[in-house]
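Residues per chain are reported as follows:
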Amino acid sequence: MNRTARAFWLASPGQGEIRDVALTDPGEDELLVRTLWSGVSRGTETLVFRGGVPGSQHAAMRAPFQEGEFPAPVKYGYLNVGVVEEGPERLVGRTVFCLYPHQTRYVVPASAVTPLPAGLPAERAVLAGTVETAVNALWDAAPLVGDRIAVVGGGMVGCSVAALLARFPGVRVQLVDADPARAKTAEALGVGFAAPEDALGECDLVVHASATEQGLARSLELLTAEGTVLELSWYGDRRIGLPLGEAFHSRRLVIRSSQVGTVSPARRSSRTYADRLALALDLLADPALDALVTGECAFEELPDVLPRLASGEIPALCHRVRYDTTG
């Protein structure tokens, strides 16, 4: 059977287009999925859109079902929710999450999808990949009851981390961002908010997710003695400077990286990606996380919308993409 679909491709840095693609028939233990929603991860995907992935990181930055190579042409993305139209009987008709780019239909192994828990709206489930990143970050950070915590950078990842930290007993959580509009998001997530100059200090833990040199410097300033900055930012091909003089050594401060794809064996050695994703989907039962979706467009509008997301003309956390559910 001749099957076709439509996919968003980055044709060249800064220019996207929608292309027709041919689909193979699903084989044994494969699925045909019809996309309902996808999400644009504004930080990573706009960096890819601008052609900012450094050559040394081309392999590390590959998405699971990416086609093409950086900088372009490339089909990139990893927040996709769809309904299974063909495949094993146990999955046909189920709504699933998959790390697939923006495409109307696709064929993947059954092992590549995770069914949504009952009651989880498909449109919220596009956040699963980012909440999974936040789960991984907090496994690395290992916050304690009663900790004083700041999350510097109110983007999609930072807000996801803050939302999960709001559930920890006895912690003081403050979202720190230069954009005063993030105060409304913080309120919806149940955490405090402050501009960088007004943030509360003496923090045991600061999670940095602003991807700016100024944000990382301020994160160090907010720490108590022997406190830790967990660095979540992805800087792409940019170099940054750090204030490692002054009191950095005398106060015995720590900067620790967190890697999206793996968990430190010393932390959660028995946990897999599937474990993290299943937990993320369970956590998405909280409707407060709807505050992380700040815009929406039709799939056909992506070539016009992504340049505006990349330039900041459209301010966004997660920008959701809707698909024609009848086609």
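Keep in mind the model is a prediction, meaning the values are calculated, not measured.

Cut-offs and rules
- Along each chain, residues carry numbers from 1 onward, in the same order as the chain's sequence is written.
- Where totals are concerned, whole chains, interfaces and linings use all residues; where local detail is concerned, this predicted model gives features only for residues with pLDDT of at least 70, and gives and counts side-chain atom pairs only at 80 or more.
- Water and hydrogen atoms were dropped before computing side-chain values, which therefore reflect all heavy atoms in the structure.
- Numbering of helices and strands runs from the N terminus; a helix is a DSSP stretch of H or I covering at least four residues, while a strand is a stretch of E covering at least two.
- Every radius of gyration here is taken over C-alpha atoms, with the globule rule written as 2.2 Å times N^0.38, N being the number of residues.
- For the exposure calls, accessible area comes from a 1.4 Å probe over protein chains only, and a residue counts as buried if that area is under 20% of its type's maximum, exposed if over 50%, partly exposed in between.
- In what follows, a contact means two residues having at least one pair of non-hydrogen atoms within 4.5 Å.
- Here the accessible surface of atoms and residues is derived via Shrake-Rupley with a 1.4 Å probe, and residues count as covered only by protein chains that are part of the display.
- Only four residue types enter the charge count, namely Lys and Arg as positive and Asp and Glu as negative; His and the chain termini do not.
- To locate a charge, the coordinates of NZ of Lys, CZ of Arg, CG of Asp or CD of Glu are taken.
- At least two DSSP bridges between two strands are required for those strands to pair.
- Where helices are involved, their axes are fitted lines through C-alpha atoms of the stretch in contact, as for all axes, and angles between N-to-C directions lie from 0 to 180°.
- For cavity detection a 1 Å grid was placed over the protein atoms alone, and a set of points counts as a cavity when a 1.4 Å probe fits there but cannot get out; an open set counts as a pocket when protein lies on both sides within 12 Å along at least five of seven lines, with lining residues being those that have an atom within 4 Å of a point.
- Grid points are joined across faces, edges and corners, and a volume is the space filled by probe spheres set on the points.
- Gly is placed with the polar residues, together with every amino acid not listed as nonpolar (Ala, Val, Leu, Ile, Met, Phe, Trp, Tyr, Cys and Pro) or charged (Asp, Glu, Lys and Arg).
- When two cysteine sulfur atoms are found within 2.5 Å, that pair is recorded as a disulfide.
- For classification purposes, an angle smaller than 35 degrees is called roughly parallel, one larger than 145 roughly antiparallel, one from 65 to 115 roughly perpendicular, and anything else oblique.
- Here a crossing is taken to be left-handed if its near helix is turned anticlockwise relative to the far helix by less than a right angle, and right-handed if that turn runs clockwise.

Moving on, we get to the overall build of the protein chain. A count of helical and extended segments in the protein chain gives 9 helices and 17 strands. Expected size for 327 residues packed as a compact globule is a radius of gyration near 20 Å; at 20 Å, the protein chain falls within 12% of this value. Once the C-alpha set of the protein chain is aligned to its principal axes, its extents read approximately 70 × 40 × 35 Å. Burial status across the protein chain gives 50% buried among its 327 residues. Across the protein chain, contacts joining residues at least 24 apart in sequence account for 65% of those joining residues at least 6 apart. Summing over all exposed atoms, the protein chain offers an accessible surface of approximately 14,500 Å²; the carbon and sulfur share of this is 50%. Between the mean site of the 30 positive side-chain charges and the mean site of the 39 negative ones, the protein chain shows a separation of 3 Å.

Looking now at the sheet that holds strand 15 (residues 254-257). Strand order in this open sheet of 6 strands is 12-11-10-13-14-15, and the pairing throughout is parallel. Strands at the two margins of the open sheet, each flanked by one partner only, are strand 12 (192-194) and strand 15. Strand-to-strand twist in this sheet, taken as the mean axis angle between neighbours without regard to direction, amounts to 25°. Inspection of the sheet shows strand 10 (residues 148-152) paired to strand 13 (residues 203-208) by 4 bridges, in the parallel sense. Across the sheet, residue I149 finds its bridge partner in strand 13, namely L205.

That bond from F70 to P71 is cis: its omega, 0°, falls within 30 degrees of zero. Here P71 is to be found in the loop between strand 4 (67-68) and strand 5 (74-75). Following A72, the chain continues into P73 via a peptide bond in cis, with omega recorded as -5°. Relative to the helices and strands, P73 is located in the loop between strand 4 and strand 5. Although it is not a glycine, E226 adopts a positive phi angle of roughly 65°. Within the secondary structure layout, E226 lies in strand 14 (residues 223-231). What makes E226 exposed here is its relative accessible area of 55%.

Within this structure, the stated rule accounts for 1 cavity of 30 Å³ or more. Of the volumes computed, that of the largest cavity is approximately 80 Å³. Around the largest cavity sit F8, L10, E45, V48, F49, V74, K75, Y76, H102 and L306, which together line it. No other element matches the 3 residues that helix 1 (residues 42-49) contributes to the lining of the largest cavity.

Three or four residues apart is the spacing at which side chains of an α-helix point the same way, because the helix has 3.6 residues per turn. Within helix 1, 6 of the 8 residues are buried, which leaves it mostly tucked inside the rest of the structure. Listing the buried residues of helix 1 in full gives T44, E45, T46, L47, V48 and F49. Tucked into the core, helix 1 has its buried residues touching strand 1 (3-12), strand 2 (15-23), strand 3 (30-41), strand 5 and helix 9 (302-311). Directly beyond the C-terminal end of helix 1, a positive phi value near 80° is found at G51.

What follows covers the layout of surface pockets. What the second largest pocket holds in volume is close to 160 Å³. Surrounding the second largest pocket, A217, L220, E221, P243, G245, E246, A247, F248, R251 and L253 form its lining. Of the residues belonging to the lining of the second largest pocket, the class tally is 6 nonpolar, 1 polar and 3 charged.

Tallied over the full model, the rule gives 0 disulfides. No disulfide involves C98; its sulfur sits 16 Å from the nearest other cysteine sulfur, which is in C318. Cysteine C318 is unpaired, with the sulfur of C297 as its nearest cysteine sulfur at 11 Å.

Taken N-terminus to C-terminus, the directions of helix 3 (residues 128-141) and helix 8 (residues 273-283) make an angle of 115°; their axes are 8 Å apart at the nearest point. It follows from the interaxial angle that helix 3 and helix 8 lie roughly perpendicular. Crossing angle aside, the handedness with which helix 3 passes helix 8 is right-handed. In this structure, helix 3 contributes A128, V131, E132, V135, N136 and W139 to the contact, and helix 8 contributes Y273, R276, L277, L279, A280, L281 and L283. Grouping the amino acids of the contact of helix 3 with helix 8 by side-chain chemistry returns 10 nonpolar, 1 polar and 2 charged.

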